[in-house]
Each structure stands twice: as structure tokens, then as C-alpha cells.
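What follows is each chain in one-letter form.
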Amino acid sequence: MAAWKEKYNTYLQKQQHQAIKEEHTNSRLTGGLQEDLQRLMAALGDNGDLVVRDFLLFGNRPAAMIFFSSLVSAEQIREHVLKPLMAPLPLHQDLPEPGPAMAHYIWSTAVQVTEGRAAADIAGLPESAVKGELILLIDGVPEALLMDMRQVELRGVEAPQTEQVIRGPREGFVEKLENNLSLLRYRLQSNDLRIEISPAGARTQSRIALCYIESIADSRLIAEAMRRLSLIHTDGILDAGYIEQFIEDQPLSPFPQVQNTERPDKTVAALLEGRLAILVDGSPFALIIPALFNQFFQTVDDYTERFIMGSLIRMIRLIALACSLFFPALYVSVISFNPELMPTDFAVAISGGRAGVPFPAVLEVLIMEVSMEVLREATIRLPQMIGGALSIVGVLVIGQAAVGAGLASPITVVIVALTTIGSFATPAYNAAIALRMLRFPLIILAGMFGLYGVMIGTILILNHLLFLESFGVPYMSPYIPGKWRDLKDTLVRVPLWWMRRRPSFLHAEDKDRLARQVPSIYEDQILRQEGEIREQSPADHNTARSSRDQ
């Protein structure tokens, strides 16, 4: 209690001297160690992890180091900064007189730090300290040396939790920005990769990195991304999701217009197509722009497997998407308005199953869908081991109990279960949420107008999708406007050696991603498919290849 009482009195005194502190904050360093140190401490305030280390520079001149012990490595400071600076003076015979020349001498001959700078204004020193920089003040030197000693313990590189793959890399982004950038450079060892880093957030000063390949990305897209990032004025950026909400084109749309990913390989693939990536310090997700409707239903497995398997799995995934969106609405419309569309035996079986259910079909489906959404949300928020058990109990026990109690028919439970399984097949979590949201108005329209309601809802959804854009690119590209060259990676994924050009809607500076000279093994395959004869003369062979390239 006594300790807290003392802190309380200190806090009141600090409030009384706030005006004095603000006056001192905007002044420059004087070179007097004690005076500069007092002003700096007044600006930093009282913090339990703030360390001030006094020592004699080279054994004969007072100096002090200021840093936050929670942000730096004490061992590295001791070995690479404190130990060289406390070396005996005879080892530094060329030490200049106190002044800017001494700061330069220390930086170039004594300390062993990779990044650092000098600062003469005391206003920026507190901000540097909270970022993990060490401040060195020397008596008689009107400059402070700032050394980047930031070291925060974070988790190591692990497999992405939200984007599991069967065949592909296993590393995922982590919270530290430097680690994420190193993962990108490990996979993209090109001198054309550009990384623009700037802080955002008035209080958090979170570092935002904009990544692109200079020789590929459209310069207008880069300028637009920088413009939108420059317009962000908020207190804090705690995750990449904050950035996403500030830069997307249509915030009121349920469909995501910025893609997020935990995978470095997926990010590099997007950069190679001409897209941009945004990384935030402290977030394990990268944002990819522009993002189109087609991207949210593609996975890494589509490209690491052979194209036949990849295309088949992708089509199955799209069928599951359509089922998850339209299946409940079609069921309600057929049961309520058009039972004659079903075979007679099947209609009789459904009617027998619904005997005793007190609710109309639309209300019955809505109750089951809401129950399933509640169960899914509870499963996500609970710890993994408990959540898995809850999902099994929910599906098996609650579903069976609802049928036994007469609250739902067995066919409704089957329809809702198939819909839920279909929604799990959507790879992107935010896109799956959009489909889950749109399912409810479709069910209500089906309950009001039958198949006409489903048709009206579908037209409204398609109209909205055609209206959307992401950073100036139509959201439904390359379907609308259609272009054969870009359709090679949509419903089906053609062989990689057929995707010679980058997507045209990205307006890449370098449009070719495959060498003009096709490998001979694939060239022979193409020639056979076109019905040409391999043994033809060299002149005819070159003519056929030129016509194919065109």
C-alpha cells in the first residue's frame, strides 16, 4: 500500500509539471548530460521497465544509456555497446574532443550495431525509445546516438492454421515484420522486389510494409495503394484487418475486396502476378490487392498438384459453394410452393417426415440455420479440444433430439447439414461468411415468393457482384469482361505451361511470365493436340509455332 501511495503522489506531481514538460519536449539537446537526462526522463515519464545506465565513456567522460528493458536484449547491449564503450582510453588514442565528431567516432569505431543514427532534437527521443532503440547521451556532445536494439520474443515459424494444404510449403507468417519480410525474400530472391515501410496509427506507430515487384506491378496500382494508406488517420493499427477496412472500395458489401493470407508462398505468387502485398508489424496475415471473386475459391493445392486433379477439386469446391448458398432456399421454395417438381414417392416421404412439425418450412429452416451458426461460433471461440467435442455433440445429439421432439423434420436436418458441409469447402473464411450472410435473405425470399424469390435474390447478388471493384479492377474479372487468356485459371486450371501471360486485368508492366521458348516436351504435346505432324520440315514447324504464339 505504501508503494502505491508513493506512486500516487508522484503521479500528481507529474500532472502539475505537465506544462513544463511539454515546453522542454520541443527543445534541442544542450550537451549537458544531467540537464538533457532530466528533460528526457520528464518526457518519458515513470515506467517500471525504463533503465538508465550511467558509466564513464572510455574511462574519463560521463555518459548514460536509456532504454526499455522489455524491448531490448540486455546481453547484446552488454556485449556490443557497453563493453566497447567502457574500454580503456589508451585503446582510443584518436578520440576527438567532445562534439559531433566524437559521436561520429563512437559510431564508426566503437559500437557494434547494424542500424543507428544521431539526433539533436529531444522531441523524437521518447518515440525512439518506445520503438526499442537505445539512446546514448554523452557529456559535452549536443547529439544523442540512437541504436536499434529491439528484440522481442515471439513464436517461431509454424504451419498456417487457417490455410492447411496437402502438398505445399508448411511455413506461415508470424507477428514480427522482419521475419515475414525475410520469408518473402527467401522465396523471391529478386532485386526488383520493393518494400516501402512507413508507420501508421497515431499512438501505436505500427509499421506498415507495402511490397511489390517494380518490373511487374502497375505503377498506377502502386500509387493508388500508397494514396489510400496515406489517408489512414487513427489511433492504432493492431492488425492487418484494420488496414483492410480502411482501404477497401465498398465497406458495406458483404464480399471481401482484399484477400488475406498466412502463407508466404501465396503472397509471392500474387506478387509475381502483378498484385501488391501489405504486411503489418504484429499481424501474421498479409493483405493482397486487388482481390477478385475468383481468388477466394483457389488454394495452393490447385497449383502444386497436376492440373487434372487441381481442376477437378476446384470444380467440386465451386459446386459446394453453390450448394451452400442456394440449397436451403431451393428446398423451402419447392416444399412450400412447387412440390410437384419432386418425384411422387420422394414428395410423400418428405411429407411423412414433416408430419407433426408445427412450423412452416421457411421458419423451420431458419431455426435450424441459426442454431447451426450459433453452434459454429461457439465451436470457434472455445479451446480446440473442447470445441471439437462440442461440434460432435451439437450435430449428433442436438440434431437427433430436435427431430425426436418434433421441432424439425429429418430432411431439414439433412439439408442444413449438407449446406454447412458445403460452406466448409470454401477456403477463405471471410468469403464463407459472406455466403452465410446471403443465405438468410435468400431463404426468406424463397418463403415469400418461391422460386421467383430465389431468382430475384440471385439477380440482386449477381448485380451487386458486377457493380463491385477492387482497386479499379472489376470484381468479377476475368468472367466479366470475358477474355479467353484470363479464363485459363478460373473454373479449371490449365497446365502451367499454357499460362504464358499474366492476367490482363492487372495491367502488369511485364506481361509474360513464361519464356517465349516453350520446352520441347510440351511443344510436342501442343503440336499433337493441334493435329500437326512432328516430322514436318523445320520451316513449317517454325510457322506453326509462330501462329500458336499469336
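Residues numbered from 1 in each chain as written. Predicted model: local features only at pLDDT ≥ 70, side-chain atom pairs only at ≥ 80, totals over all residues. Heavy atoms only, no water.

Draft legend 1. The overall build of the chain, seen in detail. For the chain, the count of helices and strands is 20 helices and 12 strands. The 550 residues of the chain split such that 44% are buried. For the chain, the share of sequence-separated contacts (at least 6 apart) that also reach a separation of at least 24 residues comes to 64%. (Helix = DSSP H or I, 4+ residues; strand = E, 2+ residues; numbered from the N terminus. Buried < 20%, exposed > 50% of the residue type's maximum accessible area, 1.4 Å probe, protein only. Contact = heavy atoms within 4.5 Å.)

Draft legend 2. Fine view of the packing of aromatic side chains. Scanning all chains against the criterion turns up 5 aromatic pairs. Their ring planes at 70° and their centres at 6.3 Å tell us that Phe 255 and Phe 293 sit as a pair that is edge-to-face. One end of the pair, Phe 255, is in the loop between helix 9 (240-247) and strand 8 (259-261); the other, Phe 293, is in the loop between strand 10 (286-289) and helix 11 (301-304), and 38 residues separate them in sequence. Phe 293 carries the same exposure label as Phe 255, and that label is buried. An angle of 55° between the planes, with centres 6.4 Å apart, marks the rings of Phe 255 and Tyr 475 as tilted. Of this pair, Phe 255 sits in the loop between helix 9 and strand 8 while Tyr 475 is found in the loop between strand 12 (473-474) and helix 19 (520-529), placing the two residues 220 residues apart along the sequence. Both residues of the pair, Phe 255 and Tyr 475, belong to the buried class. Looking at Arg 228, its charged tip hangs above the ring of Phe 471, at a distance of 4.0 Å from the centre. (Phe/Tyr/Trp six-rings, centres within 6.5 Å; stacked < 30°, edge-to-face > 60°. Lys NZ or Arg CZ within 6 Å of the ring centre and 35° of its normal.)

Draft legend 3. Structural view of empty space enclosed by the protein. In total, this model carries 1 cavity of 30 Å³ or more according to the counting rule given. There is about 30 Å³ of room inside the largest cavity. Every residue along the wall of the largest cavity is listed here: Leu 29, Gly 31, Gly 32, Leu 33, Asp 36, Leu 137, Ile 138, Val 141, Pro 142 and Glu 143. Secondary-structure elements contributing two or more residues to the lining of the largest cavity are helix 3 (33-44) and strand 4 (133-138). Grouping the amino acids of the lining of the largest cavity by side-chain chemistry returns 6 nonpolar, 2 polar and 2 charged. (1 Å grid on protein atoms, 1.4 Å probe; cavity = no way out; pocket = protein on both sides within 12 Å on 5 of 7 lines; lining within 4 Å. Points joined across faces, edges and corners; volume = space filled by probe spheres on them. Nonpolar A, V, L, I, M, F, W, Y, C, P; charged D, E, K, R; others polar.)

Draft legend 4. Fine view of the sheet that holds strand 5 (residues 144-148). As summarised here, the arrangement of the 5 strands in space is 1-2-4-5-3, forming an open sheet in which the pairing is antiparallel. Every interior strand has two partners, whereas the edge strands, strand 1 (50-57) and strand 3 (116-119), have only one. The mean angle between the axes of side-by-side strands here comes to 20°, regardless of whether they run parallel or antiparallel. Strand direction decides the pairing type here: strand 1 and strand 2 (residues 61-68), joined by 8 bridges, are antiparallel. Directly across from Leu 57, in strand 2, lies its bridge partner Arg 61. Packed on one face of the sheet, helix 3 meets strand 1, strand 2 and strand 4 and runs near 10° to strand 2. (Pairing = 2+ DSSP bridges. Axes fitted to C-alpha atoms, helices over the stretch in contact; angles between N-to-C directions.)

Draft legend 5. Quick peek at the sheet that holds strand 7 (residues 206-213). In space, the 5 strands of this open sheet follow the order 6-7-9-10-8, with antiparallel pairing throughout. Only two strands of the sheet have a single partner each, and these edge strands are strand 6 (193-200) and strand 8. Each adjacent strand pair in this sheet contributes to an overall mean axis angle of 25°, direction not counted. Note that strand 7 and strand 9 (residues 276-280) share 4 bridges and pair antiparallel. Directly across from Ala 209, in strand 9, lies its bridge partner Leu 279. The strands touched by helix 8 (residues 219-230) within the sheet are strand 6, strand 7, strand 9 and strand 10, with strand 7 carrying the most contacts at an inclination of about 170°.

Draft legend 6. Molecular detail of the nonpolar core. Among the nonpolar cores identified, the biggest contains 44 residues, and Leu 85, Ile 106 and Leu 136 are the most heavily contacted of them. The biggest single contributor to this core is strand 2, with 6 residues. Residues within four places of Leu 136 in sequence aside, it is in contact with Phe 55, Ala 63, Ala 64, Met 65, Leu 85, Ile 106, Glu 143, Ala 144, Leu 145 and Met 147. Leu 321, Ile 350, Ala 361 and Ala 446 belong to the second largest nonpolar core, which has 35 residues in total. (Core = buried A, V, L, I, M, F, W, Y, C linked by side-chain atoms within 4.5 Å.)

Draft legend 7. Region of the structure containing the side chain of Asn 180. By the secondary structure assignment, Asn 180 is in helix 7 (residues 177-187). Exposure remark for Asn 180: the relative accessible area of 1% places this residue in the buried category. Among residues more than four places away in sequence, those in contact with Asn 180 are Phe 173, Val 174, Glu 175, Leu 279 and Ser 283.

Draft legend 8. Layout of the pattern of salt bridges. A full pass over the atoms with the stated rule returns 30 salt bridges. A salt bridge links Glu 224 to Arg 228, with the shortest nitrogen-to-oxygen separation between them at 2.7 Å. In this pair, Glu 224 and Arg 228 both sit in helix 8, 4 residues apart, roughly one turn of the helix. Each of the two residues, Glu 224 as well as Arg 228, counts as buried. Across the salt bridge formed by Glu 373 and Arg 436, the nearest N and O atoms sit 2.6 Å from each other. With Glu 373 in helix 14 (residues 361-381) and Arg 436 in helix 17 (residues 429-449), the pair connects residues that are 63 residues apart, well separated along the chain. There is no split in this pair, since Glu 373 and Arg 436 are both buried. Because the salt bridges share partners, they merge into one network encompassing Glu 369, Glu 373, Arg 376, Arg 436 and Arg 439. (Salt bridge = Lys/Arg side-chain N within 4 Å of Asp/Glu carboxyl O.)

What is shown is where atoms sit, not what they do.
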